[in-house]
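# A closer look at the structure
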Amino acid sequence: MAQSPPRPRTEQFQEPESFLTLEQFIIDQQETFPHSTGAFSRLLRDLSVAAKIISRNIRRAGILDVLGETGVVNVQDEKQKKLDDIAHQELVRALRRGGECCLIGSEEQSDTISMNPSREDRERYAVFFDPLDGSSNIDVNASVGTIFSVYLLPDEWDPDDVIDVSLQRGAEQVAAGYVAYGSSTMLVFTTGNGVNGFTLDPSIGEFLLSHPNLRIPNEGTMYSVNEADVDDFAPELQAFLRWIKRKDPETKRRIRARYIGSFVSDFHRNLLSGGIYVYPVSTEYPDGKLRLMYEANPMAFLVEQAGGRATDGHQRILDLEPTSLHQRTPLYIGSTRLVEAAERFLQGEQART
Ligand code: AHM
Ligand code: MG
């Protein structure tokens, strides 16, 4: 019997001839940053170092003693996973060590943490983060992520003030991003000049530019919502979901349901392929589930920079006035056409069918 010829090596398995490391990208782009100082570059570097350490821990989760719960119930009334705590500690450590960050707000800590008080005459950054989003997925080896949001603290900010001026509208963010710990680890971020994605090459320990200038498709074919709660949704949202599932005879569009239950992963897929992620109000979560300062705002900044849209159903997420660190919001985020359609239903402009 004749032997089949050897299969040619496909291009994607070959080493790239040239690639840009995150560090090089930051140096090259520094002038386009909102504050073209070395301090801001160093802050991004500190975040990326923490991301590498968290990624390493997640990759070995099954063989280290890091699965399961710590026994602590966090400020959200949720059982804290060991990796939630580890990710939180790593980010705090990296930002404290780096010295550029003066204030931290984390999902895993009830109050903000002040640090590096001696930076009085220099830019003072605040970083809000969800150290490990979707952590209920961690014990079953599904994807999770880290989300971060960066602000410049106003001059009048004083760590001892009772009124927290560190909470600013999402529109004031100077940078935002996430790390998706999926089949590979990716860091995706914006400084207000487009969105770029970097894949961690574990063999050399570097994030390499793999997804330059990401744009979300205007139309989308995925919708991501916890549909088990549908009976609890507003009739307008139920009507939107019926509409989105209907086949359009003209375009022959076939929509697909995709819900990992890990916001970073659902968002990342929809960013690349086009779609909408919805977490609405419900009886269990009368204000929505996701947190404004470290989930909705950073993702809204990213999606807008990629050409998409994010609202609470009525108002642009980035214009919402924050009142507390752990404030929640309903969220509709993703491809512009789908988010606009959801808004039309919610605002009663599109008839219920
Ligand atoms: P977390 O920050 O405590 O992990 O909660 C946020 C997560 C999102 O990642 C995910 O989309 C959502 O909660 C899933 O919630 P539900 O199980 O109610 O659908
Ligand atoms: Mg979260």
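One can find the structure itself at the top, above this paragraph.
On to the nonpolar core. Leu-95, Val-127, Leu-132 and Val-150 are the most contacted members of the largest nonpolar core, which totals 40 residues. Excluding its chain neighbours within four sequence positions, the residues that come into contact with Val-150 are Phe-40, Leu-43, Leu-47, Tyr-125, Ala-126, Val-127, Gln-173, Val-174 and Ala-175.

Distances from the magnesium ion (ligand 2) to its protein donors, Asp-130 (OD), Asp-133 (OD) and Glu-295 (OE), fall within 1.8 to 2.0 Å. Within one chain, the residues serving as donors to the magnesium ion (ligand 2) are arranged as D-x2-D-x161-E. With Asp-130 in strand S5 (residues 125–133) and Glu-295 in helix H6 (residues 292–305), this residue pair connects regions lying 165 residues apart in the sequence. Here Asp-130 and Glu-295 have matching classes, each one buried.

We now examine the packing of helix H2 (residues 38–59) against helix H3 (residues 82–98). The N-to-C vectors of H2 and H3 enclose an angle of 150°; their axes lie 9 Å apart at closest approach. Between H2 and H3, the crossing angle belongs to the class labelled roughly antiparallel. For the element pair H2 and H3, the recorded crossing hand is right-handed. Every residue of H3 that contacts H2 at Leu-43, Asp-46, Leu-47, Val-49, Ala-50, Ile-53, Ile-54, Asn-57 and Ile-58 is listed here: Leu-83, Ile-86, Ala-87, Glu-90, Leu-91, Ala-94, Leu-95, Arg-97 and Gly-98. Within the contact of H2 with H3, the residues separate by chemical class into 13 nonpolar, two polar and three charged.

Before going further, it helps to spend a moment on the pairing of strand S3 (residues 101–106). Judged by how many residues are buried, S3 sits mostly within the fold: six of six residues are covered. Here S3 runs beside S5; their pairing, made up of five bridges, is parallel. What sits directly across from Leu-103, in S5, is Ala-126. Inspection of the sheet shows S3 paired to strand S4 (residues 113–114) by two bridges, in the antiparallel sense. Within S4, the residue paired with Leu-103 across the bridge is Ser-114.

Let us look at the sheet that holds S4. The strand order across the open sheet formed by eight strands is S4-S3-S5-S6-S7-S8-S9-S10, and the pairing between neighbours is mixed. The open sheet has two edge strands with one neighbour each: S4 and strand S10 (206–211).

Next up on the list: the side chain of Glu-90. Relative to the helices and strands, Glu-90 is located in helix H3. By relative accessible area, which is 12% here, Glu-90 ends up buried. Dropping the residues within four chain positions of it, Glu-90 is found in contact with Ala-50, Ile-53 and Ile-54.

Here the focus is the sheet that holds strand S11 (residues 222–224). Pairing in this open sheet of five strands is mixed, and the strands run S12-S11-S13-S15-S14 from one edge to the other. Edge strands, defined here as strands with exactly one partner in the open sheet, are strand S12 (256–257) and strand S14 (309–311). Where S11 lies against strand S13 (residues 275–279), three bridges are found, and the strand directions are parallel. In the strand pairing of S13, Tyr-223 is matched with Ile-276. Running over the sheet, H6 touches S14 and strand S15 (331–334) and is turned about 30° from S15.

The next subject is unusual backbone geometry. A positive phi is found at Asn-141, a non-glycine position, where the angle reads about 60°. Here Asn-141 is to be found in the loop between S5 and strand S6 (144–152). In this structure Asn-141 comes out as exposed when scored by relative accessible area, which is 76%. In the Ramachandran plot, Asn-213 falls in the positive-phi region, its phi being about 45° despite a non-glycine side chain. As for its placement among the helices and strands, Asn-213 is situated in the loop between S10 and S11.

Contacts to ligand 1 come from 17 residues, most closely from Asn-226, Tyr-259, Phe-263, Tyr-277 and Tyr-279. Here Tyr-279 contributes a side-chain N or O atom positioned 2.5 Å from an oxygen atom of ligand 1. At a separation of 2.9 Å, an oxygen atom of ligand 1 approaches a polar side-chain atom of Arg-291. Bound to the protein, ligand 1 loses 84% of the 470 Å² it would expose on its own. Of the residues contributing to the shell around ligand 1, the split by class is five nonpolar, five polar and seven charged. Residues lining the shell around ligand 1 come from more than one domain, with at least three contributed by each of domain 1 (19–211) and domain 2 (222–346).

Calculation criteria
- Residues numbered from 1 in each chain as written.
- Chains lettered and ligands numbered in written order.
- Predicted model: local features only at pLDDT ≥ 70, side-chain atom pairs only at ≥ 80, totals over all residues.
- Heavy atoms only, no water.
- Core = buried A, V, L, I, M, F, W, Y, C linked by side-chain atoms within 4.5 Å.
- Buried < 20%, exposed > 50% of the residue type's maximum accessible area, 1.4 Å probe, protein only.
- Contact = heavy atoms within 4.5 Å.
- Donors = N, O, S within 2.8 Å, 3.2 Å for Na, K, Ca; no water.
- Helix = DSSP H or I, 4+ residues; strand = E, 2+ residues; numbered from the N terminus.
- Axes fitted to C-alpha atoms, helices over the stretch in contact; angles between N-to-C directions.
- Parallel < 35°, antiparallel > 145°, perpendicular 65-115°, else oblique.
- Left-handed = near helix turned anticlockwise from the far one by under 90°.
- Nonpolar A, V, L, I, M, F, W, Y, C, P; charged D, E, K, R; others polar.
- Pairing = 2+ DSSP bridges.
- Near = heavy atom within 4 Å.
- Polar contact = N/O pair within 3.5 Å; in protein donor to acceptor, adjacent residues only side chain to side chain.
- Areas by Shrake-Rupley, 256 points an atom, 1.4 Å probe, with all protein chains shown as cover.
- Domains from an automatic or database assignment.

None of this, on its own, says anything about what the molecule does.
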